[in-house]
Amino acid sequence: MTFFMHRLAEVLGAPEPQEAPQPALRPALPLARNEGTDRQVALRSLAEQLVCEANAVIEDPDSHLSLDDELGGEDLAFTITCRDHRARVSTHYTGGRTVGRILSADLPQGEPQELVGPESLPDLLVRLVVAAGLHNDRQVHIS
């Protein structure tokens, strides 16, 4: 099991509801087109891995996370969903610049924010799982 899988298994198996971690965010600022695209691809790649790892730990198949890509328009985006809780991670293209953004009802609202980087994704996924109220009834053993 990976560190993330162990962490999620502990959260899901805790006898009391856990506090949802806050993923590291920063103000959404314009970046060069190539830098913004690289960031989005890195986020999307790790998101796929973490969603697969989370689903291996989540006991109830009906509560598995989903990862959906959005194509077209001026955004490159994906949405991670856990029950009725969602987080949309996007990069908006305008001119020669990009602006990253994260949108989720489970995150503080206000000025546009983006994830600091891929290292913020584990906290985001754990936050979605906690907000959705997921709980495993038995301890998960994955070798």
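For the structure, see preceding data.
Model, not experiment: these values are computed from the prediction. (Residues numbered from 1 in each chain as written. Predicted model: local features only at pLDDT ≥ 70, side-chain atom pairs only at ≥ 80, totals over all residues. Heavy atoms only, no water.)

Undergrad: Could you give an account of helix H3 (residues 121-131), naming the residues involved and the relevant values?
TA: For H3, the buried fraction is high: 8 of the 11 residues fall into the buried class. Buried within H3 are the following residues: Leu 121, Pro 122, Leu 124, Leu 125, Val 126, Arg 127, Leu 128 and Val 129. Taken together, the buried residues of H3 touch helix H1 (3-13), helix H2 (33-57), strand S4 (75-82), strand S5 (85-94), strand S6 (97-103) and strand S7 (113-115). Among the residues trailing H3, Gly 133 stands out with phi positive, at a value near 75°. (Buried < 20%, exposed > 50% of the residue type's maximum accessible area, 1.4 Å probe, protein only. Helix = DSSP H or I, 4+ residues; strand = E, 2+ residues; numbered from the N terminus. Contact = heavy atoms within 4.5 Å.)

Undergrad: Please provide a residue-by-residue account of the environment of His 6, values included.
TA: Among the structural elements, His 6 can be located in helix H1. Here His 6 falls in the partly exposed class, since its relative accessible area comes to 41%. Along the sequence, His 6 and Val 99 sit 93 residues apart, while their C-alpha atoms lie 33 Å from each other.

Undergrad: Describe the pairing of S4, and please don't skip the residues or the numbers.
TA: In terms of burial, S4 is a largely internal element, 6 of the 8 residues being buried. Two elements, strand S3 (residues 66-70) and S4, share 5 bridges in a ladder whose sense is antiparallel. Within S4, the residue paired with Asp 68 across the bridge is Thr 79. Hairpin connection of S3 to S4: 4 residues between the antiparallel strands, including Gly 72 at a positive phi of 95°. Between S4 and S5, which follow one another and run antiparallel, lie 2 residues, and Arg 83 among them has a positive phi close to 55°. (Pairing = 2+ DSSP bridges.)

Undergrad: Just give me the short version of empty space enclosed by the protein, but keep the residues and values in it.
TA: The rolling of a water-molecule-sized probe over the atoms marks out the regions of remaining empty space. Summed over the entire model, instances satisfying the criterion amount to 1 cavity of 30 Å³ or more. In this structure, the largest cavity is lined by 14 residues; those nearest its centre are Arg 39, Ser 90, Thr 91, Gly 100 and Glu 114. Going through the elements one at a time, H2, S5, S6 and S7 are the ones with two or more residues in the lining of the largest cavity. Looking at the lining of the largest cavity residue by residue, the classes come out as 5 nonpolar, 6 polar and 3 charged. (1 Å grid on protein atoms, 1.4 Å probe; cavity = no way out; pocket = protein on both sides within 12 Å on 5 of 7 lines; lining within 4 Å. Points joined across faces, edges and corners; volume = space filled by probe spheres on them. Nonpolar A, V, L, I, M, F, W, Y, C, P; charged D, E, K, R; others polar.)

Undergrad: Break down the packing of H1 against H3 for me, with residues and values.
TA: Between H1 and H3, the least distance of the axes is 11 Å, while the angle of their chain directions is 20°. Regarding the angle of H1 to H3, the classification is roughly parallel. H3 is crossed by H1, and the crossing has right-handed handedness. Contacts from Phe 4, Arg 7, Leu 8, Val 11 and Leu 12 in H1 reach Pro 122, Asp 123, Leu 125, Val 126, Val 129 and Val 130 in H3. For the contact of H1 with H3, the residue count by class is 9 nonpolar, no polar and 2 charged. (Axes fitted to C-alpha atoms, helices over the stretch in contact; angles between N-to-C directions. Parallel < 35°, antiparallel > 145°, perpendicular 65-115°, else oblique. Left-handed = near helix turned anticlockwise from the far one by under 90°.)

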